[in-house]
Amino acid sequence: MRFFSNFNLFAFVAIAGSLLFTSTTNACEKSCQEGISQAFADKYVLVSTQLWSQNLYQQIQTKFIPDFNLLTYIPQPDALIIQENITKDLITNAQTLEINFEKSLPAIILRSIFKQEPKFKGDCNTPFRVKQPKYPDIWTLEDCVKMDYICGNPPSICHFLNDIKKRNVENVITALKTPVQNETWVNTLSLAVKNSVANNIPALANDQVKLSQIESNVKSGLKTLLNNFFTSFNNSFCAGTSCDEYDTEIKTKLLTYP
């Protein structure tokens, strides 16, 4: 009995030792998740910024404010100067919306990759596909090819990059759609116009009836403006390719994480 007891003990130690020294693949932890999400977001901001400029700010400057006829409220020549001031104020407020939207992109991408089903989380060792490199070595593109099931390491994300990008793009567009549809941004910008008119036209500063009327009139135009902006953004943001032009840079960054 002692022989078998000793044998079982030795077998247990041998098995435990082999498991201890077997190379395992760790999942992408917090810093890895945040870094990968930021890498995607940095590229999406480049596209987003261009669309805000072309499809919103230019429309405010060339169409929306000129259509909002300030001559109704104040005679020439001051109207043109005041119109320019109100244009600047409206664009400044719209830029704040853009800044806050683009600041939210890393969190949107993190949820998209690591919290939305199927989540890129969990065991990457069963079945075995790749050996995790030891620092300072990094993952390779060959590891991306081999890691052919969804789990929590960078090669898995790399392998399924096309699927992830489609999901990311859909979530970014949805994030823009929400404040447009629920009119949060309409209310913010119409209030900005009202305040700008009050600041730039002293005769109206204390006339709350006219200011409220102006705010109400502007809302209708802003709804159209923002709905058109969303349509353009939806049709243009990473359209057709899911921003494939950034694949190499994103993969390079992705594979540096353990």
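Reading guide: rules and limits
- Residues numbered from 1 in each chain as written.
- Predicted model: local features only at pLDDT ≥ 70, side-chain atom pairs only at ≥ 80, totals over all residues.
- Heavy atoms only, no water.
- Disulfide = S-S within 2.5 Å.
- Buried < 20%, exposed > 50% of the residue type's maximum accessible area, 1.4 Å probe, protein only.
- Helix = DSSP H or I, 4+ residues; strand = E, 2+ residues; numbered from the N terminus.
- pLDDT = per-residue confidence, 0-100.
- Contact = heavy atoms within 4.5 Å.
- Arc of directions from axis to C-beta.

(A) Seen up close, the state of the cysteines. One pass over the full model with this rule turns up 4 disulfides. Each disulfide pairs two cysteine sulfurs, and for Cys28 the partner residue is Cys32, the sulfurs being separated by 1.8 Å. Disulfide Cys28-Cys32: the torsion about the S-S bond is -105°, which places it as left-handed. Overall, Cys28 belongs to the buried group, its relative accessible area being 4%. Judged by its relative accessible area of 3%, Cys32 falls in the buried class. Covalently, Cys124 is tied to Cys151 through a disulfide, its sulfur atoms 2.2 Å apart. Torsion about the S-S bond of the Cys124 and Cys151 cystine: about 110°, corresponding to right-handed handedness. Of this pair, Cys124 sits in the loop between helix H4 (105–114) and helix H5 (141–146) while Cys151 sits in the loop between H5 and helix H6 (154–159); the two residues are 27 residues apart in sequence, bridging distant segments of the chain.

(B) Focus on the confidence of the model for the protein. A residue-level look at the protein finds 85% of positions with pLDDT of 70 or above and a mean pLDDT of 87. Long-range and interchain partners of residues 1–23, a stretch whose pLDDT sits below 50, account for 3 contacts in this model, where long-range means more than four residues apart.

(C) Structural view of unusual backbone geometry. Following Glu117, the chain continues into Pro118 via a peptide bond in cis, with omega recorded as -10°. Position of Pro118 relative to the elements: it lies in the loop between H4 and H5. In this structure, Pro136 follows Tyr135 across a cis peptide bond, with omega equal to 10°. Position of Pro136 among the secondary structure elements: in the loop between H4 and H5. Despite not being glycine, Glu183 shows a phi value in the positive range, around 65°. Residue position: Glu183 is located in the loop between helix H7 (161–181) and helix H8 (184–200). Judged by relative accessible area, which is 28%, Glu183 ranks as partly exposed. In this structure, Ser242 is a non-glycine residue whose phi angle is positive, near 55°.

(D) Broad picture of helix H10 (residues 247–254). Asp247, Ile250 and Leu254 are the residues of H10 that are buried. One face of H10 carries all of its buried residues, which in axial projection span an arc of 70°. In H10, those exposed residues whose orientation departs by more than 90 degrees from the buried face are Thr248 and Thr252.

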